[in-house]
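# Fold and geometry: a report
Spelled out, the chains give:
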Amino acid sequence: MFGVGVVKIIHLVGARPQFIKLAPLLGKLKGDEILVHSGQHYDYSMSKIFFDTLGIREPDYHLGVGSGSHAEQAGRIMVEFEKVCIKEKPTLIIIYGDCNTTLAGALVGSKLHIPVAHVEAGVRSYDKKMPEEINRVTADHCSTFLLAPTQTAVENLKKEGITKNVYNVGDLMYETYLNQKGDDKIIRDLGLDEFFLATLHRPSNVDNKERLQMFFNELSEIATTVVLPLHPRTKKMIEQLQINTGTVKLIKPVGYLSMKALECAAKLIITDSGGVQKEAYYAKTPAIVLRDTTEWPELLGKGTVLLMDFLKIKQTVSEILSEDISFDEELFGDGKASEEIVRIFQ
Ligand code: UD1
Ligand code: UDP
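Residues numbered from 1 in each chain as written. Chains lettered and ligands numbered in written order. Predicted model: local features only at pLDDT ≥ 70, side-chain atom pairs only at ≥ 80, totals over all residues. Heavy atoms only, no water.

It is the contact of helix H4 (residues 100–111) with helix H5 (residues 131–142), at a shortest axis distance of 9 Å, that shows an interaxial angle of 25°. It follows that H4 is roughly parallel to H5 by the angle criterion. Judged by the twist between their axes, the crossing of H4 over H5 is left-handed. Here Asn100, Thr102, Leu103, Ala106, Leu107 and Ser110 of H4 come into contact with H5, specifically with Asn135, Thr138, Ala139 and Cys142. Here the residues of the contact of H4 with H5 sort into five nonpolar, five polar and no charged. (Axes fitted to C-alpha atoms, helices over the stretch in contact; angles between N-to-C directions. Helix = DSSP H or I, 4+ residues; strand = E, 2+ residues; numbered from the N terminus. Parallel < 35°, antiparallel > 145°, perpendicular 65-115°, else oblique. Left-handed = near helix turned anticlockwise from the far one by under 90°. Contact = heavy atoms within 4.5 Å. Nonpolar A, V, L, I, M, F, W, Y, C, P; charged D, E, K, R; others polar.)

Written out as structure tokens, the structure is:
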């Protein structure tokens, strides 16, 4: 693909879901691979735990940008990442998903005329109020190689006039899921028997006092134990907005192996996460997604329902648990996305 000469590839990651997507691909490509961590996520439980438990090596560069407004965060990543690119002169930059780190990498690479490959290209929720949607669209339009996870994503790109260098490689997150064995120590440690798993971190849900309180009120009325690994944004908002979290069992964010075990053992998942809604399907666990759109429409009617009205959570739980759901369809490829990507860049 690159012809003769030294091939140097930079992987740029920085947020929790990106480490999970990176894990199966890092170290498999032909040429030198450089790993750059933007520092968007920095707590041990949001960053290092994934390097340790998924066997990801230490980054070659850590940009240490930390938190901030969208412009501050993306801007700082751009400034620091540009320096790395000018020094290293990569022949390819790989960016992952839809975070501010993804956006910054796409802008820096394309402006320096370095080819950019976007993992999870073409994924759309068609909701421009989601910061991630802006990041996805911009990243795709700046990228040279579009590594789509599904045929829907390929079609979405076509609608935007992007047809060159588009590859349906399947879903790297599914590959990680298949590669990793869940560790159910957490289930024993927490003394869990029958339980539901919840996660919530989207600004549209957690930055609004009324919605956030309503969420905890509804979950507290469910007879089954609800376990919720708390995203730091949500923790901050619970404290700031003085939310009563009721009977929900709050725990620190967990590593991927514990998360997989929780997802597999839970009777039901309640989430607003992009990744967790897919993992619910892989784990054959029904899911309620607390949003009015999804970037993974493949899941709808297949054990996943969207729900915006938090006052209907309890009722929806009973409805979904009484359904007979099949999880047998292969919606996200065959779990060999990294092989496909290696083949493209060999
Ligand atoms: C980011 C992504 C989102 C993704 C999520 C995964 C963007 C625009 N958003 O959202 O798409 O779903 O990551 O988890 O890129 N914080 C800490 N410690 C950390 C990281 C964050 O305390 O290690 C707190 C800070 O108060 C920070 C807040 O969480 O302001 C939000 O972090 P940020 O990275 O800006 O966005 P996320 O909500 O994590
Ligand atoms: N995850 C995790 N521990 C947690 C919560 C989530 O390992 O405490 C994993 C989860 O299994 C999935 C990914 O993080 O692989 C999803 O990230 P998140 O929900 O933060 O972001 P999104 O997918 O919505 O962008």
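Moving on, we come to the pattern of salt bridges. Following the criterion strictly, the structure yields 25 salt bridges and no others. A salt bridge links Lys278 to Glu120; the nearest nitrogen and oxygen atoms lie 3.6 Å apart. Of the two residues, Lys278 sits in helix H13 (residues 274–282) while Glu120 sits in the loop between strand S5 (116–119) and H5, which places them 158 residues apart along the sequence. Given the relative accessible area of 0%, Lys278 is considered buried. The residue Arg136 makes a salt bridge to Glu133 at a minimum N-O spacing of 2.6 Å. Of this pair, Arg136 and Glu133 both sit in helix H5, three residues apart, roughly one helical turn. Of the residues examined, Glu133 reaches a relative accessible area of 2% and is grouped as buried. Residues joined by salt bridges that share partners form a network here, namely Asp98, Glu133, Arg136, Arg291 and Glu295. (Salt bridge = Lys/Arg side-chain N within 4 Å of Asp/Glu carboxyl O. Buried < 20%, exposed > 50% of the residue type's maximum accessible area, 1.4 Å probe, protein only.)

Attention now moves to the packing of aromatic side chains. Two descriptors summarise a pair of aromatic rings, namely the distance from one centre to the other and the angle between the planes of the rings. Applying the stated criterion across every chain, the model contains ten aromatic pairs. Centre to centre, the rings of Tyr177 and Tyr282 are 5.1 Å apart; their planes meet at 55°, and the pair counts as tilted. Here Tyr177 is found in helix H7 (residues 172–179), whereas its partner Tyr282 is found in helix H13, with 105 residues between them in sequence. According to the relative accessible area criterion, Tyr177 is buried, its value standing at 7%. Residue placement shows Arg211 over the ring face of Phe310; its charged tip is 3.9 Å from the ring centre. (Phe/Tyr/Trp six-rings, centres within 6.5 Å; stacked < 30°, edge-to-face > 60°. Lys NZ or Arg CZ within 6 Å of the ring centre and 35° of its normal.)

Next up on the list: helix H12 (residues 256–265). Most of H12 is tucked away: eight of the ten residues are buried. Residues Tyr256, Leu257, Ser258, Met259, Lys260, Ala261, Leu262 and Glu263 constitute the buried set of H12.

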